[in-house]
Amino acid sequence: MHPLLNIAIRAARAAGNVIVRSMEHVEHLEITTKGRNDFVSDVDRLAEQEIISVIHKAYPEHAILAEESGEEGDNETVWIIDPLDGTNNFLHGFPHFCVSIGIQVRGKIMHAVVYDPMREELFTASRGAGAQLNDRRLRVSKRKTLDKSLLATGFPFKYPEYTAAYHKTFQSLFSQVEDVRRGGSAALDFAYVAAGRVDGYWEIGLAPWDLAAGVLLVEEAGGVVTDFTGSDNYLAHGNVVVGNLPIQQAILEDLTPHLTDELKK
Ligand code: IPD
Ligand code: CA
Ligand code: CA
């Protein structure tokens with residue numbers, strides 16, 4: 001295993017322990033509002049500090065881009081961190097959330113860890129070396145048509161300006177597939193595509209820390225990720241269409257006519 005991935009796993013497990021321990025007294029946590037429907041607790045911050053301290057011990061010179069504390073350092077290696085993806089679920093005691101860590105080297109995501117501490121599922125990938133769930137190799141699903149597919153999605157609950165366009169994409173896709181899941185953790189949505197548990201996934205407006213690790217998991221499991229224009233510029237707007245190749249293309253084709261000009265960029 002690559003040493004960087006090894007440290008990322010250690011950091012993710014440490015953060016996972018913080019999160020699971022805090023589950024017991026979740027109703028007493030102090031919660032701050034960052035934006036519309038966007039909350040943060042001490043657990044998010046503590047988990048993030050835990051991750052950063054593990055990284056700094058091993059690689060003091062590396063740069064950090066973390067959801068709660070922002071950017072730090074200037075280096076060709078950047079650790080992109082979401083200490084708790086699925087904060088809303090966590091705050092409601094809904095046990096579906098994870099820690100997400102992507103390691104970018106010279107602008108490319110090279111290693112990825114998504115850790116679900118409730119199920120003790122560790123999703124990992126290194127570029128060119130495949131994706132794993134615990135010790136098992138991951139492959140995206142083989143379903144080829146929307147009518148046989150189970151999709152995942154995310155609602156734009158922080159961005160009311162996208163609600164109308166999003167509803168149109170949902171209405172159109174929902175009428176063609178078996179069913180749609182809204183789990184509430186983008187990083188786990190990517191991981192579930194990589195594991196073949198869902199056949200595809202789409203969402204509007206993700207942040208870099210929601211998607212950095214997930215994109216590599218999906219690609220290394222044989223899947224495809226694009227933005228709404230079909231290119232790989234998803235870090236700029238956070239709009240993603242994900243899946244095995246035929247399903248990813250079918251979702252992209254289906255949602256394109258419903259997008260506003262802004263979302264087509
Ligand atoms: C959110 C979750 C959610 C997605 C949002 C994200 P957070 O992350 O991934 O599923 O729909 O766009 O912001 O705030 O829980 O880390
Ligand atoms: Ca997130
Ligand atoms: Ca988060």
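All of these numbers come straight from a predicted model, not from anything done at the bench.

Criteria and thresholds
- Residues numbered from 1 in each chain as written.
- Chains lettered and ligands numbered in written order.
- Predicted model: local features only at pLDDT ≥ 70, side-chain atom pairs only at ≥ 80, totals over all residues.
- Heavy atoms only, no water.
- Helix = DSSP H or I, 4+ residues; strand = E, 2+ residues; numbered from the N terminus.
- Rg over C-alpha atoms; globule rule 2.2 N^0.38 Å.
- Buried < 20%, exposed > 50% of the residue type's maximum accessible area, 1.4 Å probe, protein only.
- Contact = heavy atoms within 4.5 Å.
- Areas by Shrake-Rupley, 256 points an atom, 1.4 Å probe, with all protein chains shown as cover.
- Lys, Arg positive; Asp, Glu negative; His and termini not counted.
- Charge placed at Lys NZ, Arg CZ, Asp CG, Glu CD.
- Donors = N, O, S within 2.8 Å, 3.2 Å for Na, K, Ca; no water.
- Near = heavy atom within 4 Å.
- Polar contact = N/O pair within 3.5 Å; in protein donor to acceptor, adjacent residues only side chain to side chain.
- Nonpolar A, V, L, I, M, F, W, Y, C, P; charged D, E, K, R; others polar.
- Domains from an automatic or database assignment.
- Axes fitted to C-alpha atoms, helices over the stretch in contact; angles between N-to-C directions.
- Parallel < 35°, antiparallel > 145°, perpendicular 65-115°, else oblique.
- Salt bridge = Lys/Arg side-chain N within 4 Å of Asp/Glu carboxyl O.
- Pairing = 2+ DSSP bridges.

**Quick look at the overall build of the chain**
Thinking step 1. For the chain, the count of helices and strands is eight helices and 15 strands.
Thinking step 2. Relative to a compact globule of 265 residues, whose C-alpha radius of gyration would be 18 Å, the chain shows 17 Å and is just as compact.
Thinking step 3. Expressed along its principal axes, the backbone C-alpha trace of the chain runs to roughly 50 × 40 × 35 Å.
Thinking step 4. Put simply, the chain has 265 residues, and 56% of those count as buried.
Thinking step 5. In the chain, the share of contacts with a sequence separation of at least 24, taken over all contacts with a separation of at least 6, comes to 64%.
Thinking step 6. When the accessible surface of the chain is totalled, it reaches about 11,800 Å², and 49% of it is carbon and sulfur.
Thinking step 7. One way to put it: in the chain the 25 positive side-chain charges average out to a point 6 Å from where the 37 negative ones average out.

**A few points about the coordination of the calcium ion (ligand 3)**
Thinking step 1. The protein atoms that coordinate the calcium ion (ligand 3) are Glu-67 (OE), Asp-82 (OD) and Leu-84 (O), at distances spanning 2.2 to 2.4 Å.
Thinking step 2. Of note, the donors binding the calcium ion (ligand 3) are all from one chain and are spaced E-x14-D-x1-L.
Thinking step 3. In this structure, the calcium ion (ligand 3) is positioned 3.8 Å from the calcium ion (ligand 2), and both are ligated by Asp-82. In this pair, Glu-67 is assigned in the loop between β3 (63–66) and β4 (70–72) and Leu-84 in strand β5 (residues 77–85), connecting sequence segments 17 residues apart.

**As for the site of ligand 1**
Thinking step 1. If you check the shell around ligand 1, you find 15 residues, and the closest are Asp-85, Gly-86, Thr-87, Lys-158 and Glu-203.
Thinking step 2. At a separation of 3.2 Å, an oxygen atom of ligand 1 approaches a polar side-chain atom of Asp-82.
Thinking step 3. Interatomic distance of 2.6 Å between a side-chain N/O atom of Lys-158 and an oxygen atom of ligand 1.
Thinking step 4. Protein chains shield 95% of the accessible area of ligand 1, which is 380 Å² for the free molecule.
Thinking step 5. The element contributing the most residues to the shell around ligand 1 is β5, with three residues.
Thinking step 6. Along the lines of polarity and charge, the residues of the shell around ligand 1 split into four nonpolar, four polar and seven charged.
Thinking step 7. Residue contributions to the shell around ligand 1 reach at least three from each of two domains, namely domain 1 (3–137) and domain 2 (146–258).

**A word on the packing of helix α5 (residues 186–194) against helix α6 (residues 208–220)**
To characterise two packed helices, one gives the angle between the axes of the helices and the distance between these axes.
Thinking step 1. Here α5 crosses α6 at 0 degrees, and the two axes come no closer than 8 Å. By the angle class used here, α5 and α6 are roughly parallel. Of α6, the residues touching α5 (which contributes Ala-186, Ala-187, Phe-190, Ala-191, Val-193 and Ala-194) are Asp-210, Leu-211, Gly-214, Val-215, Leu-217 and Val-218.
Thinking step 2. Of the residues assigned to the contact of α5 with α6, the class counts are ten nonpolar, one polar and one charged.

**A word on the pattern of salt bridges**
Thinking step 1. Per the stated rule, a full pass over the model turns up eight salt bridges.
Thinking step 2. Notably, a salt bridge pairs Glu-121 with Arg-197, separated by 2.7 Å at the nearest N-O pair. Linking Glu-121 in strand β8 (residues 121–126) with Arg-197 in the loop between α5 and β13 (200–203), this pair joins segments that are 76 residues apart in sequence.
Thinking step 3. Since its relative accessible area comes to 32%, Arg-197 is described here as partly exposed.

**As for the sheet that holds β5**
Thinking step 1. Within the open sheet, the eight strands sit side by side as β4-β3-β5-β6-β7-β8-β9-β10. Their pairing is mixed. Since the sheet does not close on itself, it has two edges, and those belong to β4 and β10 (136–137), each with one partner.
Thinking step 2. Here β3 pairs with β5 via four bridges, running parallel. Following the sheet pairing, Ala-66 is matched in β5 by Ile-81.
Thinking step 3. The sheet strands contacting helix α1 (residues 3–22) are β5, β6 (98–105), β7 (108–116) and β8, and the helix crosses β7 at an angle near 30 degrees.

**Brief notes about the sheet that holds β13**
The strands that make up a sheet are held in pairs by hydrogen bonds between backbone atoms, and each pair lies either parallel or antiparallel.
Thinking step 1. In spatial order, the strands read β12-β11-β13-β15-β14; together these five strands make up an open sheet with mixed pairing. Among the strands making up the open sheet, the edge pair consists of β12 (179–181) and β14 (224–226). Here the average twist between neighbouring strands, direction ignored, is 20 degrees.
Thinking step 2. The pairing of β14 with strand β15 (residues 240–243) spans three bridges and is classified as antiparallel. Looking across to β15, one finds that Val-224 is bridged to Gly-243.
Thinking step 3. The strands touched by α5 are β11 (150–153), β13, β14 and β15; relative to β13, the strand with the most contacts, the crossing angle is about 155 degrees.
Thinking step 4. Contacts between helix α8 (residues 245–255) and the sheet are confined to β11, β13, β14 and β15, with β15 contributing the most and set at about 150 degrees to the helix.

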